[in-house]
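# Structure assessment
As a plain string of letters, each chain reads:
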Amino acid sequence: SADCVLSNESVLFTCFRTSSPKRRQKTRKEQKERKWEEERSTDGSKWRFLEHKGPVFAPLYEPMPDKVKFYYDGKPMKLSAPAEEVATFFAKMLDHEYTTKDIFRKNFFKDWRKEMTSEEKTKITDLNKCNFSEMNEYFKAQSEARKQMSKEEKQKIKEENERLLQEYGFCLMDNHKERIGNFRIEPPGLFRGRGDHPKMGMLKRRIRPEDIIINCSKDSKHPKPPPGTKWKEVRHDNKVTWLASWTENIQGSIKYIMLNPSSRIKGEKDWQKYETARRLKKCVDRIRTQYRDDWKSKEMRIRQRAVALYFIDKLALRAGNEKEEGETADTVGCCSLRVEHIKLYPKMDEQEYVVEFDFLGKDSIRYYNKIPVEKRVFKNLQLFLENKQPEDDLFDRLNTSILNKHLQELMDGLTAKVFRTYNASITLQQQLKELASDDSLPAKILSYNRANRAVAILCNHQRAPPKTFEKSMQNLQTKIDEKQNQLSAARKQLKAAKADHKASHDDKSKKAVELKRKAIQRIEEQLMKLQVQATDREENKQIALGTSKLNYLDPRISVAWCKKWDVPIEKIYNKTQREKFAWAIDMAEKDYEF
DNA sequence: ATTGAGACTTGATGGGAGGGGC
DNA sequence: GCCCCTCCCATCAAGTCTCAAT
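Residues numbered from 1 in each chain as written. Chains lettered and ligands numbered in written order. Predicted model: local features only at pLDDT ≥ 70, side-chain atom pairs only at ≥ 80, totals over all residues. Heavy atoms only, no water.

## Details of the protein's contact with DNA strand B
- Inspection of the region around DNA strand B gives 25 residues, with Lys266, Lys273, Lys362, Arg420 and Tyr552 positioned closest.
- For DNA strand B, the fraction of atoms within 4 Å of the protein that belong to sugar or phosphate moieties is 84%.
- A distance of 3.2 Å is found between a phosphate oxygen of DNA strand B and a side-chain nitrogen or oxygen belonging to Lys417.
- Listed by contribution, the elements that provide at least two residues to the surface near DNA strand B are strand E12 (254-257), helix H8 (264-294), helix H12 (416-435) and helix H16 (546-551).
- Its residues assigned to classes, the surface near DNA strand B shows eight nonpolar, five polar and twelve charged. (Near = heavy atom within 4 Å. Polar contact = N/O pair within 3.5 Å; in protein donor to acceptor, adjacent residues only side chain to side chain. Helix = DSSP H or I, 4+ residues; strand = E, 2+ residues; numbered from the N terminus. Nonpolar A, V, L, I, M, F, W, Y, C, P; charged D, E, K, R; others polar.)

Below you can see the structure in the form of structure tokens.
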């Protein structure tokens, strides 16, 4: 386990220098991908030179045409521009369930009133008496009109967007032109939290140049604020990676403009993340032995730590930081689990010592799972639950800071989330091994998706079944049925052609037989493809693959798998993903081992 | 130890571009 | 050539984790 103590930094440099001698032969790539090979500073600075044009602001508010009326208590009422703007935010959402929720309405009305003139404030005292329906219809008509635009008009908009992208969407960092992730400032609107958010409906205010801190290098051409405005500050901090920041008014947190995942600075960090997970691989046995041992500790805090770590490792739970009550939706992770979130069953069906988890995790996504645990874990949990109320913490002697401090001692750079990365990637690698086959290309891709799916299930990456799911499934089934009919029809034709040939023995009929054979083969292939598609889609109904693919799976595993099985990388990663994983595509050979 | 600011990663969602099937 | 449907991508919220002040 000496490997475990190596710092990330040294591993990084080692990899850069030794990883891929073959790259020498790649000519086009070589010029493009040089950035992965450059020396990195060791003093914590993230760049030496940074130049950009600053953010793009949200378009200014365009007042409603006079004919579009707002009604209060049944009577038309002209609103002041600021009040009208906020009213339109609500009007746009009228069809959404949000606007029927009490908290949403309350928060909205409170913030809306702040934008009103004193007369408006006196007059408008009850949201229930407000009628936004004309505004709502106006916006619907607008979006309809947008859809109906001519090709030329659409083209013009596209070109304008492209121009904006070219001008503001890139920066110069050290020697590379890099794509910026989010160069557009978020427009004002009504805050929509996820789940039961106490702040839903609050006004997300418009961001002005005076709110923006610019970060760039001193010797660069500084971005200019729009005419007549000033930046809040221009600083030159090369210990951070962001280009601009502002404080958002709902939670008071800072938002950033940063580079695209394809950038050197993000790619390297991503790479480093997987290298840390690989170091965990080398010492995970030792760590597991230790936490199992700690289940027997005479100290309560150590037992809690050990059981929590077991959950994080086995179930890929998130760390679970504490949250300020009333500021966000009530969600939890491992360390913040409460008594009410688990149930213990000494016996359930055929199994012993079953723990049932039921809680809301990140984004208020429900985590529901029943798992049998070892007796010692079960007994510990019973102990932790003693004399507690449902709303008490399960791990009252533990938090993420204590846990991570402990993990840091076990391995340099180890934190709770590394287990998620490690378990996700190792699961993919194992599954791909098991699923390896010399099947057709679609079958191989189904295998890959299944491996990906196993990870998504582990990480509880869910999605709402697409609204059109049932219908599109039916459509697919219809296609399959049709294809099957086509196949039997083709088979009959082949039979007939054969009979024909037998009778005549001429060249023409021989050719006909061959043609029919080919046709059948083609139809069979098409049918297979459809069936694979159906299986894949059905299994994917409530599972989202994207998040794990993008954030948890070491891309080198996938690249290697593609090389090994002769699957074009394009079948696994789309263009954006290939850009993000350029470093891995460049680096991994077919024998790569996570 | 506790708190909070700050920086950065991870997450679900929905609109719309564009590709495939008829 | 049209339409439908898929998938891509932007969006922006919500996590994790570090660091420094108290």
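We are not done yet, so read on.
## Comments concerning the side chain of His406
- Relative to the elements of secondary structure, His406 occurs in helix H11 (residues 400-410).
- You can call His406 buried: its relative accessible area is 8%.
- When residues no more than four places from it in sequence are discounted, the contact partners of His406 are Gln290 and Arg305. (Buried < 20%, exposed > 50% of the residue type's maximum accessible area, 1.4 Å probe, protein only. Contact = heavy atoms within 4.5 Å.)

## What to know about the protein's contact with DNA strand C
- Neighbouring DNA strand C are 30 residues; Arg194, Lys255, Gly320, Lys417 and Thr576 lie closest to it.
- Among atoms of DNA strand C positioned within 4 Å of the protein, sugar and phosphate together represent 90%.
- Note that a phosphate oxygen of DNA strand C is positioned 3.0 Å from one of the backbone N or O atoms of Asn321.
- At 2.7 Å from a phosphate oxygen of DNA strand C is found a main-chain nitrogen or oxygen belonging to Lys417.
- Residue assignment for the surface near DNA strand C shows that the elements contributing at least two residues are H12 and helix H14 (469-504).
- Ranked by residues supplied to the surface near DNA strand C, first place goes to H14 with three residues.

## A look at the pairing of strand E14 (residues 351-360)
- Across six bridges, the pairing between strand E13 (residues 342-348) and E14 is antiparallel. Within E14, the position partnered with Leu344 by the bridge is Val355.
- Hairpin connection, E13 to E14: the antiparallel pair is bridged by two residues, and Asp349 has positive phi, about 50°.
- Of the pairings in the sheet, the one linking E14 to strand E15 (residues 366-372) comprises seven bridges and is antiparallel in character. Looking across to E15, one finds that Asp358 is bridged to Tyr368.
- Here E14 hands over to E15 after five residues, with Asp363 in that stretch at a positive phi of 60°. (Pairing = 2+ DSSP bridges.)

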